[in-house]
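Here is how the chains run, residue by residue.
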Amino acid sequence: MKRAAEPTESQSDPLQERDARLRAVLNTAVDGIITIESDGSIESFNPAAERIFGYSAEEVMGRNVAVLMPPPHREQHGNYIDNYLRTGDTKIIGRGREVTGRRKGGGLFPMELAISEVQLTDRVMFTGIVRDISTRRRAELEARRNLNEHAHASRLAVLGEMVSGIAHELNQPLAAIVSFADACQRILGSGQHDLTLLQDALQQISEQGRRAGSIVNQLKDFVKKREATRSAIDINDIMRNVLDILRYEIRNNDIKTSVDFASDLPKLRADRVQIEQVLLNLVQNAIDAMAGRETRVVSLYTQLDAENVTVTVSDTGPGFGSDISEQMFDAFFTTKTKGTGLGLSISRSIIEAHGGALIARQQTEGGAVFKFTLPLGDGGDGD
Amino acid sequence: MATEPTVHVVDDDVAVRNALGMLLHAAQYPCRQYASASDFLDAYEPGTPGCLVLDLHMPGVDGLGLQELLASREIELPIIFLTGHANVPDAVRAMQGGAVDFMEKPFNSDRLLERVKQALQRDAENRARSRQDAVVHARRKRLTPREAEILDLILQGKASKVIAIELGISERTVELHRSRILRKLGVRNASELMRLLLPQDRSP
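Residues numbered from 1 in each chain as written. Chains lettered and ligands numbered in written order. Predicted model: local features only at pLDDT ≥ 70, side-chain atom pairs only at ≥ 80, totals over all residues. Heavy atoms only, no water.

Novice: Could you clarify how one ought to interpret the overall build of chain A in this entry?
Specialist: Each helix and strand in chain A was counted, giving 11 helices and 12 strands. Going through the 383 residues of chain A one by one, you find that 40% of them count as buried. Residue pairs at least 24 apart in sequence account for 61% of intrachain contacts in chain A once pairs closer than 6 positions are excluded. Summing over all exposed atoms, chain A offers an accessible surface of approximately 21,300 Å²; the carbon and sulfur share of this is 52%. (Helix = DSSP H or I, 4+ residues; strand = E, 2+ residues; numbered from the N terminus. Buried < 20%, exposed > 50% of the residue type's maximum accessible area, 1.4 Å probe, protein only. Contact = heavy atoms within 4.5 Å. Areas by Shrake-Rupley, 256 points an atom, 1.4 Å probe, with all protein chains shown as cover.)

Novice: Explain the pairing of strand β1 (residues 32-37) of chain A to me, please; I cannot follow it from the model alone.
Specialist: Sheet faces and side chains relate simply in a regular strand, where the side chains alternate between the two faces. Residue and element names in this part refer to chain A. With 6 of 6 residues buried, β1 lies mostly within the body of the structure. Going residue by residue along β1, you find G32, I34 and I36 tucked away on one face and I33, T35 and E37 tucked away on the opposite face as well. Pairing of β1 with strand β5 (residues 124-132) involves 6 bridges; the strand directions are antiparallel. When the sheet's bridge partners are listed, I36 is paired in β5 with F126. Here β1 pairs with strand β2 (residues 42-45) via 3 bridges, running antiparallel. By the bridge assignment for β2, I34 is matched with F45. Adjacent in sequence and paired antiparallel, β1 and β2 are bridged by 4 residues, among which G40 carries a positive phi angle near 95°. (Pairing = 2+ DSSP bridges.)

Novice: Is there a simple way to explain the domain arrangement of chain A in this structure?
Specialist: It is common to give the size of an interface as the accessible area lost on bringing the parts into contact. Residues and elements named next belong to chain A. Entries for chain A in the domain assignment read domain 1 (13-132), domain 2 (135-228) and domain 3 (231-383). The partner domain 3 presents 23 residues to the 20 residues of domain 2 that form the contact. Both faces combined, the contact of domain 2 with domain 3 buries some 1,900 Å², and carbon together with sulfur accounts for 58% of it. Our enumeration of links across domain 2 and domain 3 arrives at 2 salt bridges. Applying the counting criterion to the domain 2 and domain 3 interface returns 2 residue pairs in polar contact (both at pLDDT 80 or more). (Domains from an automatic or database assignment. Buried area = accessible area lost by both parts, 1.4 Å probe. Salt bridge = Lys/Arg side-chain N within 4 Å of Asp/Glu carboxyl O. Polar contact = N/O pair within 3.5 Å; in protein donor to acceptor, adjacent residues only side chain to side chain.)

Novice: Is there a simple way to explain the interface of chain A and chain B in this structure?
Specialist: Facing 25 residues of chain A, the contacting portion of chain B comprises 24 residues. With both chains or domains summed, chain A and chain B bury close to 2,100 Å², and 60% of this area falls on carbon and sulfur atoms. Counting the contacts that link chain A with chain B gives 3 salt bridges. Across the pair D13 of chain B and R211 of chain A runs a salt bridge, and its minimum N-O distance is 2.5 Å. Seen at the junction of chain A and chain B, the total is 9 residue pairs in polar contact (both at pLDDT 80 or more).

Novice: Where do I start with unusual backbone geometry in this structure?
Specialist: Keep in mind that most residues, glycine aside, have a negative phi and that most peptide bonds are trans. Following K105 of chain B, the chain continues to P106 of chain B via a peptide bond in cis, the omega torsion being -5°. Its location among the elements puts P106 of chain B in the loop between β5 (101-104) and α5 (109-140). The phi dihedral of D264 of chain A is positive, around 55°, even though this residue is not glycine. Looking at the secondary structure, you find D264 of chain A in the loop between β7 (256-260) and β8 (268-270). In this model, E74 of chain B sits at a positive phi of 55°, which is unusual for a non-glycine residue. Along the chain, E74 of chain B turns up in the loop between α3 (63-72) and β4 (79-83).

Novice: When you look at the sheet that holds strand β11 (residues 358-362) of chain A in this model, what are you seeing that I'm missing?
Specialist: All names here are of chain A. Pairing in this open sheet of 5 strands is mixed, and the strands run β7-β9-β10-β12-β11 from one edge to the other. The strands lining the two open edges of the sheet, one partner per strand, are β7 and β11. Each strand axis lies, on average, 15° off the axis of its neighbour in the sheet, ignoring direction. Relative to strand β12 (residues 368-375), β11 runs antiparallel, the two being bridged by 5 bridges. Note that in β12 the partner of L358 across the bridge is F372. Where helix α10 (residues 272-289) meets the sheet, it contacts β9 (297-304), β10 (308-314), β11 and β12, and its direction lies at approximately 170° from that of β12. Set on the sheet, helix α11 (residues 343-353) makes contact with β11 and β12; between it and β11 the angle comes to about 130°. (Axes fitted to C-alpha atoms, helices over the stretch in contact; angles between N-to-C directions.)

Novice: Help me out: how do you make sense of the domain arrangement of chain B in this one?
Specialist: Taken domain by domain, chain B consists of domain 1 (6-132) and domain 2 (142-201). With centres defined by C-alpha atoms, the gap from domain 1 of chain B to domain 2 of chain B works out at 42 Å.

In structure tokens:
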């Protein structure tokens, strides 16, 4: 408490004094403050509201507040108020929410709106506090686009590291196809047409062709440049998909996988490819960390609690010194000879953009544990 | 009882295994398939003729590991390596280990079958040689200690006169031993003797 707020010496009317002070607050507030009567007509409109909506107070005073809204709220607003006054049911009063506002020129913008009800002796009034969030929205969009760019670059880098595995993976079905086809030709050339054998070979050829195709498609989806899109995802599904993408690395490095997926996980709203990327990164790191170790096990768990789904990826590698447990999330920090040092930093950005957290921990018996959370949110549908 | 020479295919990819099986079958080669190196080691009867078509990258013991294992057990099956993704160090190791060939998937079927033919040929030659080695070994065992001593000196290229001086016996006695050695080993002269024994003595 500062002394400056001591009562003034002037003997002015305390009521007048308070009124002036309130007006000063209204006039200097950063947020738009608008009061309306229960019929919707505007009773006051502060300077911040003038700035935000582009109307002067004189222009809107007495007019219906619906003028500040886009359709269909514009038409419906009267009903909203009536309905509230009759039933006490509200979607908006007493809590803030994000809505779209309409400026004088007709331009629409995102704003945060909080409405409170004021009980006067003779009637009810409403106060609305409005904050223009279009700048914040633009910045968020920009940040998301940047993350998208980085995530894409990182996916390309990951893919680069996997390229020999992918070549191997594709050459298997190709080798099978070529051999089956050549075998068919030999069988036909020999004059002894064993039709069952030929039929079997042809069926295997088409199966192997599809196998090669699905490998290509999986990769194409993974490296495609794309806008981030949130949809309802099943995290266990994503885990299985990642193990599938990495099956060659897992097989070739003779890694055992141990999975324990919680059943009945609710769907989460998340960007499927980005979450896949985080998991791919963590599992690939685990595989790399265990090179040359006696025991090579990657363990994957999912867990559900009241607010989050937690995903854990642990390995039986040497772990990391506690001195780098935070450093390793920095961009360009790497201990690998061929790494970009971006994997963990982007993974953390992705998880944080989803409202979760990614942490690393050293196991007492050696080995690293990476955990990330994704908030449950309001489930699958809607936006 | 001679077993038919068999092509042993070891690859963890079932489609590739089946395809190779069908190709070899179409080319009239008896063939057996294994999903891993240990499956092969469990099933293979040492001493039976054949060759190996071996995938390089497999979980557990990989192709190069199996090659080393067979060498350490003195199983001399010729090996054709297949790989989904070739790199130079692997290829060098495979060839230094005596592989017939090192082929990248998808391989040329004609070349593969050609290599299989060569591998089986090489195996047959190896077997003929080691059969002969066994015969020679048995015959050498019939030599007396003195004859064996003199044989060693002959193989070192020493003339009878030199041997006589070294052993302090007469040259005539050396000649007598020498003709008995030739008879026991079933050869007519010194050059036949060399041809029979020297390959066996070369280092592996």
